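What follows is each chain in one-letter form.
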Amino acid sequence: MDKVSPDCPYPGCFFCVMKEGNPSKRRASILKFFRELPSQDDDGQVLPISGLWNTAMAHPNDPEFIELGIFECMVALIWKGLKNRRWLSHDQNIYIPYYAAHIIGSYTMNMEEFAESAIHAGVTPPLVELLRGRLTWVEQRVAVRALGHLATYTNTFPAVASHGEILELAIQLAMSSLEIVYSHFYQYADRRLSYHCDLLTRGMGGVEMESRKAEEWASQLQCWSLQLINCFAFKPEFLPTICKPEFLVKLPGMWGGLVNENSPAGIGLLRTICHHKLGRGPVASCPGIIEALCNIARSSDDWQYMAIDCLLWLIQDPSTCHKVIDKAVPALVDLAEITNLGDHKKLGDYIVNVLQECLQSQGTGRNSISNHVKELIEELLNSKQRLKWEKSMPKEDLHIKQAAALVVKLEGNSLFSSGNIAGAASKYSEALSLCPMRSKKERVVLYSNRAQCHLLLQQPLAAISDATRALCLHSPLNRHAKSLWRRAQAYDMLDLAKESLLDAILFINECSQSNDPDLSLRQNKVPDYAERLVKKQMRAAWLFREAAIKHGGVHGEGDAGDIYGQESDGSEWETASESDIGNDGRAEMGDDDDDDSEWKNEDDSEWKNEDKRKDKYDKVTLKDLKHGYNVHLAEDQS
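Because the structure is a prediction, the values reported are computed rather than measured.

1. Brief notes about the overall build of the chain
From N to C terminus, the chain includes 34 helices and zero strands. Buried residues in the chain amount to 55% of all 638 residues. Intrachain contacts of the chain at a sequence separation of at least 6 include 73% that bridge at least 24 residues. About 27,800 Å² of surface is accessible on the chain, with carbon and sulfur atoms providing 50% of the total.

What follows is the structure, encoded as structure tokens:
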């Protein structure tokens with residue numbers, strides 16, 4: 001430890017120690033450094049800690065520092081910061097508790113044996129103190145991250161759970177984290193603690209970057225709190241603490257994927273809760289949750305399958321089925337033609353089987369199902385029966401059915417062009433009843449066209465249903481541009497900003513990747529109507545919106561402003577429908593691919609890879625929109 005570089009001003013410098021060529025001397029020096037550092041009051045201590053932080057992030061599975069006592073050192077440093085405010089305020093020591101907790105979290109995120117070493121070193125009590133907010137929200141963020149990793153493992157969860165307040169603290173933090181960050185950092189730029197700004201931007205600051213990073217860190221604070229709660233939710237004995245109405249009702253709104261896209265956030269925790277019978281009762285009894293689950297189940301979000309799982313478990317449980325069936329069945333029927341979704345193989349068939357069992361087991365009185373729900377399930381079962389019949393039909397008969405459906409669709413297009421929207425919707429329904437079940441491309445067109453009619457008839461729920469069916473039939477799954485756009489508008493009519501924003505963004509991405517030759521006419525241009533909707537929903541779905549309203553940062557519901565300019569009286573719907581007007585002034589419906597090749601293939605092999613959920617969509621931001629995308633909403637052509 002006494003070896004010092006001639007240019008180094010610090011005795012016993014850690015970086016000089018790391019350059020030691022003799023392995024045994026190096027290990028001995030590092031061991032001594034970890035033991036002595038907490039008792040020292042020299043300037044420059046933050047430098048080796050930040051170096052250790054970088055090493056922990058870059059090599060979290062390297063056991064060397066674990067064996068030499070890094071956890072014991074970090075524990076001592078956190079306690080020192082908590083107990084000795086004079087030391088904490090000296091030099092740059094204010095950073096040290098943050099780095100120390102981050103180091104603990106990094107070394108415990110992958111390796112259970114490292115987590116066990118951390119527990120033995122006594123990391124839990126000081127992390128709990130940080131979780132309580134003894135310092136600031138920045139330290140809470142890394143403390144809840146580290147505790148979440150420790151709670152993940154079978155051997156270390158009991159040590160975390162033995163601190164009874166951790167779960168309550170995590171629940172409170174999940175509910176209040178956005179308000180904490182908004183009121184303690186985002187709201188007043190001139191009052192921001194300098195070390196917070198430095199940590200968020202790593203010295204590459206500016207108010208705008210600080211604000212953007214604050215949103216990201218606030219999302220992480222909430223999502224990591226939910227991850228920690230999720231570890232407890234796997235144990236039934238903790239569900240009564242978790243399943244309190246004031247917390248459950250907020251979970252569907254904790255949609256972290258829009259900012260922190262790798263976290264399933266609230267829907268992930270709801271899925272864990274619904275997996276247990278003890279959790280399904282409170283979820284089914286909580287107003288608004290089932291409707292929110294239905295919206296997420298219909299969405300194109302990466303965590304769509306989690307909401308579907310929740311709905312299916314609630315439907316299959318006799319004690320909750322009657323509470324959720326009226327809202328859950330319509331959503332599940334819309335999703336019944338999904339093939340594969342992530343690890344869920346033949347998901348649509350499973351949905352059909354569950355709904356069939358539900359129909360067969362219907363009771364009387366309180367547990368009976370409504371006639372509307374019964375009709376929806378029977379209609380679905382009949383469509384599956386149609387598919388079986390068609391497999392034994394001569395191909396000539398199928399050609400005739402498809403030709404008849406095409407004729408009726410053209411009649412619908414003509415009615416739409418003449419302004420008879422209700423008549424057009426009726427014709428598309430008739431065409432769907434004629435169209436062979438295996439003619440998936442044609443059925444996508446018909447559902448999407450009917451969704452457009454429902455939009456113009458101001459029937460957003462029906463539009464969402466049809467657009468969702470089109471997206472489930474499409475290959476790849478959830479990637480039909482016009483259906484995404486139509487559903488985005490329908491969600492907007494219902495003031496469902498997040499759902500609308502997600503569909504609008506995916507619509508823009510799909511159009512930007514389209515092979516349509518007309519794209520050359522709109523190089524690097526996002527359609528005005530799409531840009532307006534995305535801007536509107538980004539404001540409405542802003543992470544800090546609720547906190548800002550509470551603290552006077554925005555003016556309630558009208559804060560989004562007149563983003564449509566003179567069109568704010570509702571004419572944006574006219575703008576959207578103009579995308580289906582051809583150059584000759586006639587509204588055209590239907591896609592430009594009317595071939596019948598898909599129904600000729602009877603083994604469905606072309607659909608087996610329709611869902612590549614692991615492929616990430618490119619995320620569109622307002623900055624992206626300003627730079628422009630190669631986007632075009634292709635007119636429907638028949």
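There is more to say, and it comes next.
2. A look at unusual backbone geometry
Note the cis peptide between Ser475 and Pro476, where omega equals 0°. Checked against the element boundaries, Pro476 lands in the loop between helix H27 (460-473) and helix H28 (481-493). Located in the positive-phi region is Asp91, a residue other than glycine, with phi close to 50°. Looking at the secondary structure, you find Asp91 in the loop between helix H6 (85-89) and helix H7 (96-108). A relative accessible area of 39% places Asp91 in the partly exposed class. Of note in this structure, Asn478 is not a glycine but carries a positive phi near 65°. Take Asn478: it is sitting in the loop between H27 and H28.

3. Some remarks on the side chain of Gln304
Mapped onto the fold, Gln304 is located in helix H20 (residues 304-316). Exposure remark for Gln304: the relative accessible area of 1% places this residue in the buried category. Polar contacts involving the side chain of Gln304 include one to the main-chain carbonyl oxygen of Ser299, which spans 3.2 Å. Every residue in contact with Gln304, bar those within four places of it in the chain, is listed here: Ile296, Ala297, Arg298, Ser299, Leu335, Ile338, Leu341 and Asn478.

4. A look at the packing of helix H18 (residues 277-285) against helix H21 (residues 318-334)
Interaxial distance between H18 and H21 falls to 9 Å at its minimum, and their mutual angle equals 20°. Considered as vectors, H18 and H21 are oriented roughly parallel to each other. Relative to H21, the crossing made by H18 is left-handed. Each of Lys277, Arg280, Gly281, Ala284 and Ser285 in H18 lies in contact with H21, whose residues at this interface are Ser319, Thr320, Lys323 and Val324.

5. Description of the pattern of salt bridges
Under the counting rule described, the total for this entry stands at 28 salt bridges. With a shortest N-O distance of 2.9 Å, Lys80 and Asp41 are connected by a salt bridge. Of this pair, Lys80 sits in helix H5 (residues 70-83) while Asp41 sits in the loop between helix H2 (23-36) and helix H3 (46-58), placing them 39 residues apart in sequence. As a salt-bridge pair, Asp334 and Arg469 come within 2.9 Å of each other at their nearest N and O atoms. On the criterion of sequence distance, the pair formed by Asp334 in helix H21 and Arg469 in helix H27 is long-range, its members being 135 residues apart. We note that Asp334, like Arg469, is buried. Through salt bridges with shared partners, one network takes in Glu129, Arg132, Arg134 and Glu165.

6. Looking at the environment of Met538
Here Met538 is to be found in helix H30 (residues 528-540). Between the C-alpha atoms of Met538 and Leu258, which are 280 residues apart in sequence, the distance is 10.0 Å.

7. As for helix H26 (residues 440-456)
With 17 residues, H26 should reach 24 Å at 1.5 Å per residue; the first-to-last C-alpha distance of 25 Å fits that figure. Counting buried residues along H26, 15 of its 17 residues qualify, which places the element largely inside the surrounding structure.

8. Digging into the packing of aromatic side chains
Following the criterion strictly, the structure yields 21 aromatic pairs and no others. Geometrically, the ring pair formed by Tyr95 and Tyr195 is edge-to-face, given 5.7 Å between the ring centres and 80° between the ring planes. Residue Tyr95 is found in the loop between H6 and H7, and its partner Tyr195 is found in helix H13 (residues 194-201); the two are separated by 100 residues along the sequence. For the residue pair Tyr95 and Tyr195, the accessibility class agrees, reading buried in each case. A centroid spacing of 6.0 Å and a plane angle of 85° characterise the contact between Phe157 and Phe238, whose relative ring orientation is edge-to-face. Here Phe157, found in helix H11 (residues 157-161), pairs with Phe238, found in the loop between helix H14 (207-233) and helix H15 (239-242); they are 81 residues apart in sequence, far enough to count as distant. When sorted by exposure, Phe157 lands in the same class as Phe238, which is buried. Pairwise contacts between aromatic rings join Trp53, Tyr95, Tyr98, Tyr99, Trp137, Phe185, Tyr195 and Trp217 into one cluster. If you follow Arg191 out to its NZ or CZ, it ends over the ring of Tyr188, 4.1 Å from the centre.

9. Focus on H30
In a regular helix each residue adds 1.5 Å, so 13 residues correspond to 18 Å; H30 covers 18 Å between its end C-alpha atoms and thus fits that length. Looking at H30, one finds that the buried residues are Tyr529, Ala530, Glu531, Arg532, Leu533, Val534, Lys536 and Gln537.

10. A short note on the side chain of Arg469
Here Arg469 falls in the buried class, since its relative accessible area comes to 16%. With residues near it in sequence (within four places) discarded, Arg469 still touches Val333, Asp334 and Tyr447.

11. Concerning the state of the cysteines
Per the counting criterion, the structure on display carries zero disulfides. Left unpaired, Cys358 is separated from the closest cysteine sulfur, that of Cys321, by 3.9 Å. Given the relative accessible area of 7%, Cys358 is considered buried.

12. Remarks on the confidence of the model for the chain
Across the chain, the average pLDDT comes to 83, with 82% of residues at or above 70. Residue range residues 556-588 is modelled with pLDDT below 50. Its contacts to residues more than four positions away, or to other chains, number 53 contacts. Confidence over residues 592-638 falls short of pLDDT 50; this stretch has 145 contacts with residues more than four positions distant or in other chains.

13. Points about the environment of Ile30
In this structure, Ile30 sits in helix H2. You can call Ile30 buried: its relative accessible area is 0%. Between the C-alpha atoms of Ile30 and Phe65, which are 35 residues apart in sequence, the distance is 8.1 Å. Those residues in contact with Ile30, other than ones at most four positions away along the chain, are Val17, Met18, Glu64, Phe65 and Leu68.

14. So, the packing of H20 against helix H22 (residues 347-360)
The interhelical angle for the contact between H20 and H22, taken along N-to-C directions, is 20°, at an axis separation of 10 Å. By the criterion of interaxial angle, the relationship of H20 to H22 is roughly parallel. H22 is crossed by H20, and the crossing has left-handed handedness. Contact residues: H20 offers Ile308, Leu312, Ile315 and Gln316, while H22 offers Leu347, Tyr350, Ile351, Val354 and Cys358. Grouping the constituent residues of the contact of H20 with H22 by class yields eight nonpolar, one polar and no charged.

15. A look at the environment of Leu501
Tracing the chain through its elements places Leu501 in helix H29 (residues 497-512). Residue Leu501 is classed as buried on the basis of its relative accessible area, which comes to 7%. For the pair Leu501 and Trp485, spaced 16 residues apart in the sequence, the C-alpha separation amounts to 9.9 Å.

Definitions and limits used
- Residues numbered from 1 in each chain as written.
- Predicted model: local features only at pLDDT ≥ 70, side-chain atom pairs only at ≥ 80, totals over all residues.
- Heavy atoms only, no water.
- Helix = DSSP H or I, 4+ residues; strand = E, 2+ residues; numbered from the N terminus.
- Buried < 20%, exposed > 50% of the residue type's maximum accessible area, 1.4 Å probe, protein only.
- Contact = heavy atoms within 4.5 Å.
- Areas by Shrake-Rupley, 256 points an atom, 1.4 Å probe, with all protein chains shown as cover.
- Polar contact = N/O pair within 3.5 Å; in protein donor to acceptor, adjacent residues only side chain to side chain.
- Axes fitted to C-alpha atoms, helices over the stretch in contact; angles between N-to-C directions.
- Parallel < 35°, antiparallel > 145°, perpendicular 65-115°, else oblique.
- Left-handed = near helix turned anticlockwise from the far one by under 90°.
- Salt bridge = Lys/Arg side-chain N within 4 Å of Asp/Glu carboxyl O.
- Expected span 1.5 Å × (residues − 1).
- Phe/Tyr/Trp six-rings, centres within 6.5 Å; stacked < 30°, edge-to-face > 60°.
- Lys NZ or Arg CZ within 6 Å of the ring centre and 35° of its normal.
- Disulfide = S-S within 2.5 Å.
- pLDDT = per-residue confidence, 0-100.
- Nonpolar A, V, L, I, M, F, W, Y, C, P; charged D, E, K, R; others polar.

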